[in-house]
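A structural walkthrough
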Amino acid sequence: MTIFQNKLKYSDVTPKKVFLNRRQIIAGTSAVGISSYLPNSVYADVLKHTKTNYTVDAEITSKSDATSYNNFYEFGTGKGDPKNNASMMQTSPWSVKVNGLVNNPGDYDLDDLLAGIDLEERIYRFRCVEAWSMVVPWIGFSLSKILDKVGVQSKAKYVAFQTLNRPSEMVGIGANPRFPWPYVEGLRLDEARNPLAMIATGMYGESLPNQNGAPLRLVVPWKYGFKSIKSIVRITLTDTQPETTWNKLAPQEYGFYSNVNPTVDHPRWSQATERVIGGSIFKLGSPLFSGAKRDTPMFNGYEEEVASLYSGMDLSKFY
Ligand SMILES: Nc1nc2c(c(=O)[nH]1)N[C@H]1C(S)=C(S)[C@@H](COP(=O)(O)O)O[C@H]1N2
Ligand SMILES: [Mo]
């Protein structure tokens, strides 16, 4: 199994106690083979993926927090609504329309779109514009792999994304008729081609739960969370900057770029610090102590990888 060739150990990024607990749990599960006793194999048998050196020096958010405290307005605006309501969404079959300035446009069945693309685990910081954060072990691949597959034409400058718009299965759509459905997002092509920009199909070693954007979503870890559009059904290559949902709703609060920037406050709150979801001040893991704060780093800690994309821009300004 390729997974043992990688240097990163899950135990490197997980508190030892949690790691041991998880190993004990797995050791007691007969469906999982003997390989589970080895470090680094915690998720190996669930999805075929390798580990990479994309990781962060921080405690991973618990799976239960990351799958129950969500923003997915198609299922309601409360943080618990997505988990409660998203099981209605049918994610199979799933097709993704790829159109615009591409050589191979079409309606791709998800399996065809993903065929031949290797999955890997990447542990990323995730920073919502609402000033909370998580650390999530995603499974997926660089968005550029899909761009290569569909053949981007030289005139293309942006990538636009659209979420499923199926009111019969998404109770938040009818409940919020003034919201400009479907949810749409976009990236500049060079941002989309940055290796950090990821399409996720899983998290915590399993397929994505519906509330986290099954069966495929974007993850752009240096931008505020709303850029990471869920349950994608359309990818369009275009030469003009696409509209984005939160920018349409409140352009003075949410820009097209929306790079994480602790020096530019939201008009209604500071972006200098963030509340770590499930993060305990005393690292005891008890919800009683949750809500630890940390300083938000520039580009959410990914400055080295992405700052050059914005070299002409004044980072003290709102974009
Ligand atoms: N289609 C869609 N995508 C979405 C949203 C949404 O409401 N609808 N919310 C965004 C916001 S604000 C955040 S913070 C993240 C939350 O992702 P998570 O629930 O997996 O943490 O999803 C983003 N993607
Ligand atoms: Mo968000």
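The name given to the protein in an unreviewed UniProt entry is Protein-methionine-sulfoxide reductase catalytic subunit MsrP, with uncultured alpha proteobacterium EB080_L11F12 as the source organism. Taken from UniProt, the Sequence similarities (unreviewed entry) comment for the protein reads in full: "Belongs to the MsrP family." Recorded under Subunit (unreviewed entry), the UniProt text for the protein is reproduced unchanged: "Heterodimer of a catalytic subunit (MsrP) and a heme-binding subunit (MsrQ)."

Some details on the overall build of the protein
Secondary structure assignment for the protein yields ten helices and 13 strands. Every one of the 319 residues in the protein was classed for burial, and the buried ones make up 52%. Of the roughly 14600 Å² of accessible surface on the protein, a fraction of 52% belongs to carbon and sulfur atoms.

Re the site of ligand 1
Near ligand 1 there are 17 residues, and of these N70, Y73, E74, R217 and K230 occur at the shortest range. In this structure, an oxygen atom belonging to ligand 1 sits 2.8 Å away from a main-chain N or O atom of Y73. Here an oxygen atom of ligand 1 sits 2.7 Å away from a polar atom, N or O, in the side chain of K230. Alone, ligand 1 offers 530 Å² of accessible surface; in the complex the protein occludes 97% of this. For the shell around ligand 1, the per-class residue count stands at eight nonpolar, six polar and three charged.

Quick look at the pairing of strand β12 (residues 273-276)
Summarising the sheet, strand β5 (residues 132-142) and β12 pair through two bridges and their orientation is parallel. Counted as the bridge partner of W132 is R275 from β12. As paired strands, β12 and strand β13 (residues 293-295) are joined by three bridges and run antiparallel to one another. Within the sheet, the bridge partner assigned to E274 lies in β13 and is R294.

Focus: the side chain of R127
Structurally, R127 is set in strand β4 (residues 119-127). R127 sits in the buried class, given a relative accessible area of 0%. Among the polar contacts made by the side chain of R127, one reaches the side chain of E274 at a distance of 3.0 Å. Within the local environment of R127, its side chain forms a polar contact with the side chain of T296, the two groups lying 3.1 Å apart.

Observations regarding the packing of aromatic side chains
Considering all chains together, one arrives at 17 aromatic pairs under this definition. Ring centres of Y73 and W246 lie 5.6 Å apart, and the angle between their planes is 80 degrees; on these two criteria the pair is classed as edge-to-face. Placement of Y73 in the loop between α3 (63-66) and α4 (81-85) and of W246 in helix α9 (residues 245-249) is noted, with a sequence separation of 173 residues between them. For the pair shown, Y73 and W246 are each scored as buried. With 5.9 Å between their ring centres and 80 degrees between their planes, Y158 and F256 make a pair best called edge-to-face. Taken together, the residues span a long stretch of sequence, with Y158 in strand β6 (residues 158-163) and F256 in the loop between α9 and β12 at a distance of 98 residues. Neither Y158 nor F256 differs from the other in exposure class; each is buried.

Regarding the sheet that holds strand β2 (residues 95-100)
Strands belonging to one sheet form pairs held by backbone hydrogen bonds; the direction of such a pair is parallel or antiparallel. Strand order in the open sheet formed by five strands is β3-β2-β11-β6-β7, and the pairing between neighbours is mixed. The open sheet has two edge strands, β3 (106-109) and β7 (184-188), and neither has a second partner. Looking at each pair of strands side by side, their axes are set apart by 20 degrees on average, direction ignored. Pairing of β6 with β7 involves five bridges; the strand directions are antiparallel. Directly across from Y158, in β7, lies its bridge partner R188.

Structural notes on the UniProt feature "binding site: Mo-molybdopterin" (unreviewed entry) in the protein
In the numbering used here, UniProt assigns the feature "binding site: Mo-molybdopterin" (unreviewed entry) to N70, Y73, E74, C128, T163, N212, R217, S228, I229 and K230. Within the fold, E74 resides in the loop between α3 and α4. Every residue in contact with E74, bar those within four places of it in the chain, is listed here: T163, M170, V171, G172, I173, W181 and Y183. With respect to the secondary-structure elements, N212 resides in the loop between β9 (206-207) and β10 (217-219). When its relative accessible area of 3% is taken as the criterion, N212 is described as buried. Setting aside residues no more than four positions away along its own chain, N212 makes contact with A66, T67, N70, M203, R217 and K230.

Describing the environment of G151
Considering the arrangement of structural elements, one finds G151 in the loop between α6 (144-150) and β6. Taking the C-alpha atoms as reference points, G151 and N104, separated by 47 residues in sequence, lie 6.2 Å from one another. Those residues within four positions of G151 in sequence are excluded, and the remaining contacts are L101, V102, N103 and N104.

Focus: the pattern of salt bridges
Overall, the coordinates contain 14 salt bridges when judged by the stated rule. Linking K248 and E243 is a salt bridge whose minimum nitrogen-to-oxygen distance equals 3.6 Å. For E243, a relative accessible area of 54% gives the class exposed.

Calculation rules
- Residues numbered from 1 in each chain as written.
- Chains lettered and ligands numbered in written order.
- Predicted model: local features only at pLDDT ≥ 70, side-chain atom pairs only at ≥ 80, totals over all residues.
- Heavy atoms only, no water.
- UniProt positions renumbered as here; feature names shortened; annotations may be inferred.
- Helix = DSSP H or I, 4+ residues; strand = E, 2+ residues; numbered from the N terminus.
- Buried < 20%, exposed > 50% of the residue type's maximum accessible area, 1.4 Å probe, protein only.
- Areas by Shrake-Rupley, 256 points an atom, 1.4 Å probe, with all protein chains shown as cover.
- Near = heavy atom within 4 Å.
- Polar contact = N/O pair within 3.5 Å; in protein donor to acceptor, adjacent residues only side chain to side chain.
- Nonpolar A, V, L, I, M, F, W, Y, C, P; charged D, E, K, R; others polar.
- Pairing = 2+ DSSP bridges.
- Phe/Tyr/Trp six-rings, centres within 6.5 Å; stacked < 30°, edge-to-face > 60°.
- Axes fitted to C-alpha atoms, helices over the stretch in contact; angles between N-to-C directions.
- Contact = heavy atoms within 4.5 Å.
- Salt bridge = Lys/Arg side-chain N within 4 Å of Asp/Glu carboxyl O.

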